[in-house]
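Tertiary structure, described
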Amino acid sequence: MTTIYATLGVQPDATLDEIKRAYRRAAMKWHPDRNPGREAEAYAAFQEIREAYAILSDAEQRRVYDEVFAQEMQRWQAEQEVHEAQEREAQRERERLAQERYETMVATAMRFAEDGHNRDVLFGVLLGRDCDAELAARIADSVWALQEARRSPEPATDASDTCAASTPEEPASAPDEPASPRRAFESFWHGLFGVRQ
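Thresholds applied
- Residues numbered from 1 in each chain as written.
- Predicted model: local features only at pLDDT ≥ 70, side-chain atom pairs only at ≥ 80, totals over all residues.
- Heavy atoms only, no water.
- Phe/Tyr/Trp six-rings, centres within 6.5 Å; stacked < 30°, edge-to-face > 60°.
- Helix = DSSP H or I, 4+ residues; strand = E, 2+ residues; numbered from the N terminus.
- Buried < 20%, exposed > 50% of the residue type's maximum accessible area, 1.4 Å probe, protein only.
- Lys NZ or Arg CZ within 6 Å of the ring centre and 35° of its normal.
- Core = buried A, V, L, I, M, F, W, Y, C linked by side-chain atoms within 4.5 Å.
- Polar contact = N/O pair within 3.5 Å; in protein donor to acceptor, adjacent residues only side chain to side chain.
- Contact = heavy atoms within 4.5 Å.
- Axes fitted to C-alpha atoms, helices over the stretch in contact; angles between N-to-C directions.
- Parallel < 35°, antiparallel > 145°, perpendicular 65-115°, else oblique.
- Nonpolar A, V, L, I, M, F, W, Y, C, P; charged D, E, K, R; others polar.

Description of the packing of aromatic side chains
- Per the stated rule, a full pass over the model turns up three aromatic pairs.
- With centroids separated by 4.2 Å and ring planes inclined at 15 degrees, the aromatic side chains of Tyr23 and Tyr53 adopt a geometry described as stacked. Note that Tyr23 is positioned in helix α2 (residues 16-30) and Tyr53 in helix α3 (residues 39-56), a separation of 30 residues in sequence.
- Residues Tyr65 and Phe69 carry aromatic rings whose centres are separated by 5.8 Å and whose planes lie at 15 degrees to one another, so their mutual orientation is stacked. In this pair, Tyr65 and Phe69 both sit in helix α4 (residues 59-114), four residues apart, roughly one turn of the helix.
- Phe69 gets classed as partly exposed once you look at its relative accessible area, which sits at 22%.
- Put simply, the rings of Tyr5, Tyr65 and Phe69 pair up and form one aromatic cluster.
- Positioned above the aromatic ring of Phe123 is the side chain of Arg119, whose terminal nitrogen or guanidinium carbon lies 4.9 Å from the ring centre.

Looking at the nonpolar core
- Leu8, Val10, Ile19, Ile49 and Leu56 are the most contacted members of the largest nonpolar core, which totals 18 residues.
- If you list the elements that add at least two residues to this core, you get α1 (4-8), α2 and α3.
- Met105, Leu122, Ile139 and Ala140 belong to the second largest nonpolar core, which has 15 residues in total.

Remarks on the side chain of Gln147
- Within the secondary structure, Gln147 is located in helix α6 (residues 133-151).
- Given the relative accessible area of 6%, Gln147 is considered buried.
- Among the polar contacts listed, one links the side chain of Gln147 to the side chain of Arg150, at a separation of 3.0 Å.
- Leaving out residues up to four positions away in the same chain, Gln147 has contacts with Ala113 and Glu114.

Brief notes about the packing of α3 against α4
- Interaxial distance between α3 and α4 falls to 6 Å at its minimum, and their mutual angle equals 105 degrees. It follows that α3 is roughly perpendicular to α4 by the angle criterion. For the pair α3 and α4, contact is made by Ala54, Ile55 and Leu56 and by Gln61, Arg62 and Tyr65, respectively.
- Class assignment for the residues of the contact of α3 with α4 results in four nonpolar, one polar and one charged.

Have a look at this one:
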């Protein structure tokens, strides 16, 4: 919020002498005769400088201005705080709605994928539900990849492996053996999308 102190280039606690010196400097800088080609801009600035000086050079007018400005600043700050709080609440609501819509799109794609439809159908269904094309492609790719991973068979195990897996004293696999690609992908996908089977 611009003040008449700023118009003259002085601090709110400036003395009368400082105000007078600042007025002379600003008036010389913005006098229309010193600004050929910019007369309209200079005239407007010069008028603001004169009005600021008229108030600040008069002790009573300056006191009234300071009181009114302080009240206006308090009112303005209160309005800003209310506005910022409303904007934060609106942002949270937008994020909540976006998350809900996102989850709905993922659930829709999952339903169609489980019915045996391919990736292109998933993409088309999402587009038909006004999903953004980039997001629709990303969801369709991820859901289709998950379905493909689910359909791929687990690595075959022989009877000795089965027995070993059922023995409580021995782990089913060595501690450093990596998880199967299907399980690794599902863990990653669930973490990314928060989907529960």
